[in-house]
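One-letter residues, chain by chain:
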Amino acid sequence: MAEHSTKGKPIRCKAGWGKTIVLGVDKPGAQLTFTSHEILHSGKTLTGSLFGGIKPRSDISTLVKRYLDKELQLNEFVTHEMKFDDINKAFELLIQGKCIRCVMWMDK
């Protein structure tokens, strides 16, 4: 069982065979703790994924080109646009599940 603390609540990985995928970005220096038995003796695979598994050096330029060529429709994922002054409202909408992606405008 692996543990990682998020606001004081441990996150546990399912025991047994299979794959555990660690997603996202945590604060610098954050640690995950596993015992050798949990990984080696159970045959578990541990994988990390940042940015959904893309390789920033090579893939971001491809994604930008696909967006500019209208092959990648990112605008469909934006549900709200707000002034930066309303950032707390944007977080509330995200927490309430009423917003998927919010673009924050610095100059409006």
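Our subject is the structure listed above.
These numbers were taken from a predicted model, which means no experiment stands behind them. (Residues numbered from 1 in each chain as written. Predicted model: local features only at pLDDT ≥ 70, side-chain atom pairs only at ≥ 80, totals over all residues. Heavy atoms only, no water.)

Visitor: Help me understand the pattern of salt bridges, please; the structure alone is not making it clear to me.
Guide: For side chains bearing opposite charge, pairing can occur when the charged atoms are close. What the rule picks out here adds up to two salt bridges. Put simply, Asp69 and Lys65 hold a salt bridge, and the shortest N to O gap is 2.6 Å. Its relative accessible area of 52% is what places Lys65 among the exposed residues. Between Glu71 and Arg66 there is a salt bridge, and its shortest N-O distance comes to 3.6 Å. Take Arg66: its relative accessible area is 34%, and that puts it in the partly exposed class. (Salt bridge = Lys/Arg side-chain N within 4 Å of Asp/Glu carboxyl O. Buried < 20%, exposed > 50% of the residue type's maximum accessible area, 1.4 Å probe, protein only.)

Visitor: Honestly, the environment of Ala90 in this entry has me stumped. Any pointers?
Guide: Its place among the elements puts Ala90 in helix H3 (residues 87-95). Under the relative-accessibility criterion, Ala90 is labelled buried at 4%. Taking the C-alpha atoms as reference, Ala90 lies 8.2 Å from His80; in sequence the two are ten residues apart. Setting aside its immediate chain neighbours within four residues, Ala90 contacts Met82, Cys102 and Met104. (Helix = DSSP H or I, 4+ residues; strand = E, 2+ residues; numbered from the N terminus. Contact = heavy atoms within 4.5 Å.)

Visitor: Please clarify how helix H2 (residues 56-68) should be interpreted in this entry.
Guide: Owing to its 3.6 residues per turn, the α-helix aligns residues three or four sequence positions apart on the same side. Between its first and last C-alpha atoms H2 spans 18 Å; for 13 residues at 1.5 Å apiece the expected length is 18 Å, and the two agree. Within two residues after H2, Lys70 carries a phi angle of roughly 65°, on the positive side. (Expected span 1.5 Å × (residues − 1).)

Visitor: Honestly, the environment of Lys108 in this entry has me stumped. Any pointers?
Guide: By secondary structure assignment, the location of Lys108 is in the segment after strand E6 (102-105). Judged by its relative accessible area of 58%, Lys108 falls in the exposed class. For the pair formed by Lys108 and Lys83, sequence separation is 25 residues and the distance between their alpha carbons is 5.5 Å.

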